[in-house]
Amino acid sequence: MVKTEIGYTTPERITVRGKDLANELLGQVDFVDMMLMTIFGHLPSAAEKTMVNHILVTACDHGLTPSAMSARLTYLGAPEAMQAAVAAGLLGAGSVFLGTTQNCAEILAAGGAGLAPEAPQEEVDAAARALMAASREKKQPIYGIGHPIHIDGDPRVPTLRRLARELGYYGKHWRLMEAVQRVFLQDKGKNLPMNAVGAVGAIICDMGLDPMIARGLMLVGRAGGLVAHLYEERQDPIGQQLWDLVLAQDPRNVAPAR
């Protein structure tokens, strides 16, 4: 038999994680409660719910990012398919943009596996150096530090750090991420401040969640932001201007058929 434990539907009711959607959930829980219950099979604690809410806020929108431009340009070509435009924006959530939170959480989880919660700083620094060496050996980026715009420090990080402390999710993975930034400066002479990817990656690990959830929350949060971009695109379009900029870069480009 093919089945899922998440939910099922009969002629009389819709059941999600064993609860009646119409009578036990609808009107009783909010979206974050419902999302986390659907994923994990139980309602979140107050701290879990609040922290996830903050992560979703962090992810929602950052302006004309590649995901927003992809969504707007897809909407330009297929205004009848809003879902395709949102999907186009989410498809770019990979190892360079947006999806890096999962990559960061994965390396923090691996790097912090042998650390005790109250490990002395020298042990945390040693773990940071080992993490960096492993990344170099695998020829992968060191996720969570540096930013092309916020070169003097990501303004989201202090707030996320404060919220993590208040909610009980500032642990060894936060300390490890901070050590990566510090050790990188000591060993390489480069000041690359922690970015929001590093902060969210640390939070996910200190919450004890699978790193996959980091990417999932980024996708959920960004989907809301993409809907906003598409609504603005319908009201005050700039998609054609974006395409015109491409056409202007190379005389071999010709205007598209309309």
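That block above? That's the structure.
A brief look at the structure comes next. For clarity, every value in this text was computed on a predicted model and none was experimentally measured.

Procedures and definitions
- Within every chain, residues take consecutive numbers counted from 1 along the sequence as written.
- Since the coordinates come from a predicted model, pLDDT governs what is reported: local features require at least 70, and pairs of side-chain atoms require 80 or more to be given and counted, while whole-chain, interface and lining totals use all residues.
- For the side-chain quantities, the full set of heavy atoms in the structure was used; hydrogens and water were omitted.
- Numbering of helices and strands runs from the N terminus; a helix is a DSSP stretch of H or I covering at least four residues, while a strand is a stretch of E covering at least two.
- Relative accessibility thresholds used throughout: buried, under 20% of the residue-type maximum; exposed, over 50%; partly exposed, between the two (1.4 Å probe, protein chains only).
- Working rule for contacts: check all heavy atoms of both residues, and any pair within 4.5 Å makes them a contact.
- We get accessible surface area from the Shrake-Rupley algorithm with a probe of 1.4 Å; when it comes to residues, only the shown protein chains can shield them.
- Note on charges: Lys and Arg go in the positive column, Asp and Glu in the negative column, and His and the chain ends are not counted at all.
- Here the site of a charge means NZ on Lys, CZ on Arg, CG on Asp, or CD on Glu.
- By definition, a salt bridge exists where a carboxyl oxygen of Asp or Glu is found within 4 Å of a side-chain nitrogen of Lys or Arg.
- It is the directions from the helix axis to the C-beta atoms that the arc portrays.
- Note: two strands are recorded as paired if DSSP finds a minimum of 2 bridges between them.
- Definitions used throughout: a 1 Å grid over protein atoms alone; a cavity as a set of points that fits a 1.4 Å probe which cannot get out; a pocket as an open set with protein on both sides within 12 Å along at least five of seven lines; a lining residue as one with an atom within 4 Å of a point.
- Grid points are joined across faces, edges and corners, and a volume is the space filled by probe spheres set on the points.
- Side-chain classes are defined by residue name, with Ala, Val, Leu, Ile, Met, Phe, Trp, Tyr, Cys and Pro counting as nonpolar, Asp, Glu, Lys and Arg as charged, and the others, Gly among them, as polar.
- Interaxial angles span 0 to 180 degrees and are taken between N-to-C directions of axes, which are lines fitted to C-alpha atoms, for helices over the stretch in contact.
- By the definition adopted for this analysis, an angle is roughly parallel if under 35 degrees, roughly antiparallel if over 145, roughly perpendicular if from 65 to 115, and oblique otherwise.

A short note on the overall build of the protein chain
- Helices and strands together make up the secondary structure of the protein chain, namely 12 helices and 3 strands.
- Seen through its C-alpha atoms, the protein chain measures out along the principal axes to roughly 65 × 60 × 35 Å.
- When burial is assessed residue by residue, the protein chain has 40% of its 258 residues classed as buried.
- For the protein chain, the share of sequence-separated contacts (at least 6 apart) that also reach a separation of at least 24 residues comes to 69%.
- Of the accessible surface of the protein chain, which amounts to about 14300 Å², a share of 58% is contributed by carbon and sulfur atoms.
- Across the protein chain, the centroid of the 24 positively charged side chains sits 4 Å from that of the 27 negatively charged ones.

A short note on the pattern of salt bridges
- On inspection of all chains with the given rule, the structure shows 10 salt bridges.
- Linking glutamate 5 and lysine 3 is a salt bridge whose minimum nitrogen-to-oxygen distance equals 3.8 Å. As far as the burial class goes, glutamate 5 and lysine 3 line up, both exposed.
- One salt bridge in this structure joins aspartate 33 and lysine 49, with 3.1 Å as the shortest N-O distance. With a gap of 16 residues between them, aspartate 33 in helix α2 (residues 31-40) and lysine 49 in helix α3 (residues 46-59) connect regions that are remote in the sequence.
- Assessed through its relative accessible area of 21%, lysine 49 is described here as partly exposed.
- Three or more residues joined by partner-sharing salt bridges are found here, namely Asp30, Asp33 and Lys49.

Some details on helix α12 (residues 239-249)
- Regarding α12, the residues found buried are Gly239, Leu242 and Leu247. What you see down the axis of α12 is that its buried residues fit within an arc of 145°, all on one side. α12 presents Leu245 and Ala248 as exposed residues on the side facing more than 90 degrees away from its buried surface.

Overview of the sheet that holds strand β3 (residues 19-20)
- On the basis of which strands lie adjacent, the open sheet formed by 3 strands has the order β1-β2-β3 and antiparallel pairing. Only two strands of the sheet have a single partner each, and these edge strands are β1 (7-9) and β3.
- Bridge count between strand β2 (residues 14-16) and β3: 2 bridges; the pairing is antiparallel. Opposite valine 16, over in β3, you have lysine 19 as the bridge partner.

Section: the layout of surface pockets
- Taken as a whole, the largest pocket holds about 800 Å³ of empty space.
- Lining the largest pocket are 33 residues, with Val96, Phe97, Leu98, His147 and Val197 positioned closest to its centre.
- Taken together, the elements giving at least two residues each to the lining of the largest pocket come down to α3, α4 (66-77), α6 (100-111), α10 (196-206) and α11 (211-235).
- Within the lining of the largest pocket, the residues separate by chemical class into 16 nonpolar, 15 polar and 2 charged.
- Taken as a whole, the second largest pocket encloses approximately 150 Å³ of empty space.
- What lines the second largest pocket is Glu106, Ile107, Ala110, Gly111, Ala127, Ala130, Leu131, Ala134, Ser135, Lys138 and Gln140.
- Those elements that provide at least two residues to the lining of the second largest pocket are α6 and α7 (121-137).
- Here the element with the most residues in the lining of the second largest pocket is α7; it accounts for 5 residues.
- Classifying every residue of the lining of the second largest pocket gives 6 nonpolar, 3 polar and 2 charged.

Overview of the packing of α4 against α12
- Two numbers describe how α4 lies on α12: the axes approach to 8 Å, and their chain directions differ by 100°. Between α4 and α12, the angle falls in the class roughly perpendicular. Mapping the contact onto sequence places Met69, Leu73 and Leu76 in α4 and Gly239, Gln240, Leu242 and Trp243 in α12.
- Considering only residue class, the contact of α4 with α12 consists of 5 nonpolar, 2 polar and no charged.

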